[in-house]
Amino acid sequence: MKSFDIVVVGAGIVGCAVARELSRAGMRVGIVEGGAHRGATAAGMGHVVVMDDSPAQLVLTQYSCSLWRKEADHLPVAVEYEGFGTIWIAANDEEMEEVHAKHAIYAQTGVVSAVLNAAELVMAEPNLRKDLAGGLLVPHDAVIYPPAAAEFFLSEAQRLGAALFRSRAVQASHGEVSLEDGTLLQAERIVLATGTECDLLSALPLQKRKGHLAITDRYPGFLCHQLVELGYLKSAHKLVADSVAFNIQPRQTGQLLIGSSRQYGDDDPGVDAAILRQMLERAVSYMPALAGMSVLRVWTGFRAATLDKLPLIGPAAGLSDDTSLWLAAGFEGLGITNALGAARLLLDGLLNRTPEIDAGPYLPARMVNRMEIARA
Ligand SMILES: Cc1cc2nc3c(=O)[nH]c(=O)nc-3n(C[C@H](O)[C@H](O)[C@H](O)COP(=O)(O)OP(=O)(O)OC[C@H]3O[C@@H](n4cnc5c(N)ncnc54)[C@H](O)[C@@H]3O)c2cc1C
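Computed from a predicted model, the values in this text were never measured in an experiment.

Here is what the cut-offs are and how they apply
Residues numbered from 1 in each chain as written. Predicted model: local features only at pLDDT ≥ 70, side-chain atom pairs only at ≥ 80, totals over all residues. Heavy atoms only, no water. Pairing = 2+ DSSP bridges. Helix = DSSP H or I, 4+ residues; strand = E, 2+ residues; numbered from the N terminus. Axes fitted to C-alpha atoms, helices over the stretch in contact; angles between N-to-C directions. Contact = heavy atoms within 4.5 Å. Buried < 20%, exposed > 50% of the residue type's maximum accessible area, 1.4 Å probe, protein only. Parallel < 35°, antiparallel > 145°, perpendicular 65-115°, else oblique. Nonpolar A, V, L, I, M, F, W, Y, C, P; charged D, E, K, R; others polar. Near = heavy atom within 4 Å. Polar contact = N/O pair within 3.5 Å; in protein donor to acceptor, adjacent residues only side chain to side chain. Areas by Shrake-Rupley, 256 points an atom, 1.4 Å probe, with all protein chains shown as cover. Domains from an automatic or database assignment. Salt bridge = Lys/Arg side-chain N within 4 Å of Asp/Glu carboxyl O. Phe/Tyr/Trp six-rings, centres within 6.5 Å; stacked < 30°, edge-to-face > 60°. Left-handed = near helix turned anticlockwise from the far one by under 90°.

**Section: the sheet that holds strand β16 (residues 295–305)**
Reading across the sheet, the eight strands line up as β5-β6-β4-β13-β14-β15-β12-β16 and stay open at both edges, with mixed pairing between neighbours. This sheet does not close on itself; its edge strands, each paired only once, are β5 (114–117) and β16. Taking each pair of neighbouring strands and ignoring which way they run, the sheet shows an average axis angle of 25°. Examined bridge by bridge, strand β12 (residues 207–218) and strand β15 (residues 255–264) share five bridges and lie antiparallel to one another. Following the sheet pairing, A214 is matched in β15 by I258. Strands in contact with helix α3 (residues 93–109) are β4 (86–90), β5 and β6 (134–138); relative to β6, the strand with the most contacts, it is inclined by about 20°.

Take a look at the structure:
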């Protein structure tokens, strides 16, 4: 039996960031990873973005983005951190009103942004179609390569003494984690950072939300910012319907990463030709020159969605009476962005320390009432 202060189950970007944060604080950390690939982290787009679907989402993404910026200069080249900035695209006057509303919210909360009129948008991104109304530039948003970031956090945690176990956890409760290979780990606390997988705590209120991404050949200079249509927010809000939205990311290699789709109720990891077609047609409708480009690879991944679209960070109270269980899960489409903020909140919670932002909106216990309401 091996003994730790904390065992983190799951070495996606969230588990790795948590393991590093706890190791930095001097805790004895064990990390368990049972998959051949890193779940959603290997499939994600890598946009590090301030999002304002809800005030709590805005606070956490703003906090997390600031943590990414603080360590940007110390990240290895492989993480490909680039402060490309985001432009939220308004297709018409109605969406332009949303641009102004978003700008006002950002200004109130200290997020730097600038409204672009139609001519300024064309100057910023000449390959967009020319009849768009304008946009909102958020210059401090960034782009990273998520698997490399997870690998870096993991190696930092290991350098600080954390032990990695490459086997699947088959049981985790009351301070004990049993691995498929027969190893037994003991810890005061167990953090479940298992992405979409709920085998270790079936009460986890998570739904899988499938997404498709496509990557093109190299077209250096074609795109300067992450571009997202404002309709993306509406599509990300929808709780049941399938949707696609224009979302394109420049990579350091000159490649273009094109997204994105959102689907519930499709557990098949295979590419859905119909939704892929819709997604690519949507992209071409915003950037017509994409039609002549080569797509090199298409893949899918699953986001772990909660009912209120906020992550579960903290003790599993309410979902389990096992006081050793903590959660870092349910990050949906923002786990890359929020990994650093989540790691800080978790550490503060474990040390019973006042966090820099209010941890209340992300505590798992909130789900109990919501699940009852959803069932009613
Ligand atoms: C198409 C798509 C685009 C996205 N784009 C973005 C984006 O631009 N920006 C952003 O911020 N987020 C984005 N996301 C979301 C982001 O990828 C996820 O929120 C994030 O990767 C979740 O990280 P995680 O560590 O919680 O889970 P995961 O990356 O899924 O990691 C969980 C890990 O736990 C392991 N595991 C599970 N159960 C066990 C067990 N019993 N024993 C041992 N190991 C176990 C798994 O093998 C896996 O490695 C996107 C997601 C998708 C699908």
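**Brief notes about unusual backbone geometry**
The omega torsion of the bond from G259 to S260 falls at -20°, within 30 degrees of zero and hence cis. Residue placement: S260 occurs in strand β15. Positive phi is not limited to glycine here, since K309 has a value of about 65°. Position of K309 relative to the elements: it lies in the loop between β16 and β17 (312–315). Residue classification places K309 among the buried positions, given a relative accessible area of 15%. Phi at E332 is positive, roughly 40°, even though this residue is not glycine.

**Focus on the packing of helix α2 (residues 55–71) against helix α8 (residues 335–350)**
Angle between the axes and distance between the axes: these two values describe a pair of packed helices. Viewed as axis vectors pointing N to C, α2 and α8 meet at an angle of 95°, and their least axial separation amounts to 7 Å. The angle between α2 and α8 falls in the class roughly perpendicular. Residues L60, T61, Y63, S64, C65, L67, W68 and E71 of α2 form the contact with α8, whose own contacting residues are I336, T337, N338, L340, G341, R344 and L345. Split into classes, the residues belonging to the contact of α2 with α8 amount to eight nonpolar, five polar and two charged.

**Some words on the site of the ligand**
Around the ligand, a shell composed of 40 residues is seen, among which E33, T41, H47, E332 and T337 lie nearest. A distance of 3.0 Å is found between an oxygen atom of the ligand and a backbone nitrogen or oxygen belonging to V14. Considered on its own, the ligand offers 1000 Å² of accessible surface; in the complex 96% of this is hidden by protein. Those elements that provide at least two residues to the shell around the ligand are α1 (13–24), β12, β16 and α8.

**Describing the pairing of strand β9 (residues 169–173)**
Bridge analysis of β9 against strand β10 (residues 176–179) gives four bridges, and the strand direction is antiparallel. Within the sheet, the bridge partner assigned to Q171 lies in β10 and is S178. Connecting β9 to the antiparallel partner β10 that follows it, the hairpin turn spans two residues, and H174 within it adopts a positive phi of roughly 45°.

**Observations concerning the domain arrangement of the protein chain**
Splitting the protein chain by domain gives domain 1 (2–45 + 146–205 + 308–375) and domain 2 (83–141 + 207–306). For domain 1 versus domain 2, the separation of C-alpha centres amounts to 29 Å. Counting from both sides, the interface comprises 18 residues of domain 1 and, opposite them, 25 residues of domain 2. At the junction of domain 1 with domain 2, the criterion picks out two salt bridges. A salt bridge links E332 to R262; its shortest N-O distance comes to 2.8 Å.

**Section: the packing of aromatic side chains**
Under the definition given, this model contains four aromatic pairs. Ring geometry for F4 versus F165: centroids 5.8 Å apart, planes at 80°, classification edge-to-face. Of this pair, F4 sits in strand β1 (residues 2–9) while F165 sits in strand β8 (residues 163–165), placing them 161 residues apart in sequence. For the pair formed by F4 and F165, the shared burial category is buried. Summarising the aromatic geometry, the rings of W68 and F153 are spaced 5.8 Å apart at their centres and angled 45° between planes, so their arrangement reads as tilted. Placement of W68 in helix α2 and of F153 in helix α5 (residues 146–159) is noted, with a sequence separation of 85 residues between them.

**So, the packing of α1 against α5**
One way to put it is that α1 packs onto α5 with a least axis distance of 8 Å and a crossing angle of 25°. Regarding the angle of α1 to α5, the classification is roughly parallel. The hand of the α1/α5 crossing is left-handed. Between α1 and α5, the contacting residues are I13, C16, A17, A19, R20 and S23 on the first element and P146, A149, A150, F152, F153, L154, E156 and A157 on the second. Its residues assigned to classes, the contact of α1 with α5 comprises 11 nonpolar, one polar and two charged.

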